[in-house]
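Report on the structure
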Amino acid sequence: MSERSRALPRRSCFSTPGSNERFLEKAPTVPADMSFLDLEDSVAPLEKEAARAKVVEAVRKHPWDDRVLCVRVNAWDSEWTYGDVIEVVGEAGERLDEVMLPKVQSAAEVVALDLLLSQVEKRSGLPLNHIGIEAQIETTRGLINVDEICAASPRLETIIFGPADFAASMEMPVLTGGVQIPEYPGDHFNYVFSRILMAGRANGLQVIDGPYLKVKDMDGLRQFAQRTRILGYDGKWALTPDQVTVCNEVYSPTQEQFDRAWDILDAYDKATQHERKGAVMFGDEMIDEASRKMANKFVARGERAGLRRSAG
Ligand code: GLV
Ligand code: MG
């Protein structure tokens, strides 16, 4: 749905607490691909209801350029979800692209949000199916059901891993979410990352890594983000403007990779179309149809990140 935002880049997904007017005003000046205004865990329970109007005002009044704009509502196990959707989606207007649903445990939770959104869209005069959904996987049950969750609604645009809540749900003995555990020989989340990535890709979704909570450690973030970048993730959450800069860099192909991908496509096109060959040498390596697919992904990702092929 929400055709505007579905294919836009999400290298950096910038979180802003919906209760803080000063942060809400600053958020559009931070060069993130996607901004989400949070009503969930960064907002205190006593501020939850008052934050809705602040978020509506921020969506309507601030200059959001063409980035993806999203509101994270509270999870279905709270008392706030329906009120968040009715008030925020009902009053924010067409600039709001999507709603993020946290702690998704089953496909039914996505379907329930989809149905509620349809009613709110009708009532408030929004185009039908205007609002997309981003779903967070951050519980063990959510991970077990991730295939059905990713296929639950055509409104779904992304699936996101939430490492802090997930570590709590697994009862991992950690106190900082989303960071390396030096005592563990390997990557304690590798299975989880791969599982979510496969389910997301199988359903045509963008796949996003969650927050890195050591917000002053840029080298640590850069290193840690490489793991999901290399697996194939589209982007990662950012909690500060400096984290946005790092994420934009890590989740973009380099100019060299982008140019090489174009060269592979040209060489392969020449081989198949003019020489009627399915496998040819490209420098010192063999390329074939699978190489074309890999190169195509780099080109698409690079173009989404604003890269242009170098001259010559
Ligand atoms: C994000 O919501 C997380 O729990 O990591
Ligand atoms: Mg969470």
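Structure's up top.
Just so it is clear, the model here is predicted, and its values are computed rather than measured.

1. Things to note about the coordination of the magnesium ion (ligand 2)
Protein coordination of the magnesium ion (ligand 2) is provided by Glu138 (OE) and Asp165 (OD), with donor distances spanning 2.1 to 2.2 Å. Placement of the pair is Glu138 in the loop between β5 (132-137) and α6 (140-144) and Asp165 in helix α8 (residues 163-170), with a sequence separation of 27 residues. Relative accessible area serves as the criterion here: at 23%, Asp165 is assigned to the partly exposed category.

2. Some thoughts on the side chain of Ser118
By the secondary structure assignment, Ser118 is in helix α5 (residues 107-124). Ser118 gets classed as buried once you look at its relative accessible area, which sits at 18%. Within the local environment of Ser118, its side chain forms a polar contact with the side chain of Arg155, the two groups lying 2.9 Å apart. Leave out the neighbours within four places in its chain, and Ser118 touches Leu128 and Arg155.

3. Let's talk about the packing of aromatic side chains
As enumerated under the stated definition, the model contains eight aromatic pairs in all. With a centroid separation of 5.5 Å and 65° between ring planes, the pair formed by Phe161 and Phe166 is classed as edge-to-face. No difference in accessibility class separates Phe161 from Phe166, as the two residues are buried. Here the aromatic cluster, defined as three or more aromatic residues joined through ring pairs, consists of Phe161, Phe166, Phe189, Phe193 and Tyr233. The cationic tip of Lys48 hangs over the ring face of Trp80; the distance from NZ or CZ to the ring centre is 5.3 Å. A cation over an aromatic ring shows up here: Arg227 above the ring of Phe224, its NZ or CZ 3.2 Å from the ring centre.

4. What to know about the layout of surface pockets
Once rolled over the atoms, a probe with the size of a water molecule shows which space is left empty. Here the largest pocket is characterised by a volume of approximately 450 Å³. In this structure, the largest pocket is lined by 16 residues; those nearest its centre are Arg201, Gly232, Asp234, Lys297 and Arg301. The element that contributes the greatest number of residues to the lining of the largest pocket is helix α13 (residues 289-304), accounting for six residues. Across the lining of the largest pocket, the residue classes tally to five nonpolar, three polar and eight charged. Counting only domains with at least three residues in the lining of the largest pocket, you end up with domain 1 (3-250) and domain 2 (255-304). The calculated volume of the second largest pocket comes to roughly 320 Å³. If you go around the second largest pocket, you meet 17 residues; those closest to its centre are Asp41, Arg72, Pro211, Leu213 and Trp237. Counting residues per element, the ones that place at least two in the lining of the second largest pocket are β1 (12-17) and α8. The element best represented in the lining of the second largest pocket is α8, accounting for three residues. A breakdown of the residues in the lining of the second largest pocket according to their chemical character gives seven nonpolar, four polar and six charged.

Cut-offs and rules
- Residues numbered from 1 in each chain as written.
- Chains lettered and ligands numbered in written order.
- Predicted model: local features only at pLDDT ≥ 70, side-chain atom pairs only at ≥ 80, totals over all residues.
- Heavy atoms only, no water.
- Donors = N, O, S within 2.8 Å, 3.2 Å for Na, K, Ca; no water.
- Helix = DSSP H or I, 4+ residues; strand = E, 2+ residues; numbered from the N terminus.
- Buried < 20%, exposed > 50% of the residue type's maximum accessible area, 1.4 Å probe, protein only.
- Polar contact = N/O pair within 3.5 Å; in protein donor to acceptor, adjacent residues only side chain to side chain.
- Contact = heavy atoms within 4.5 Å.
- Phe/Tyr/Trp six-rings, centres within 6.5 Å; stacked < 30°, edge-to-face > 60°.
- Lys NZ or Arg CZ within 6 Å of the ring centre and 35° of its normal.
- 1 Å grid on protein atoms, 1.4 Å probe; cavity = no way out; pocket = protein on both sides within 12 Å on 5 of 7 lines; lining within 4 Å.
- Points joined across faces, edges and corners; volume = space filled by probe spheres on them.
- Nonpolar A, V, L, I, M, F, W, Y, C, P; charged D, E, K, R; others polar.
- Domains from an automatic or database assignment.

Honestly, that's just the spatial picture; any functional story needs more than this.
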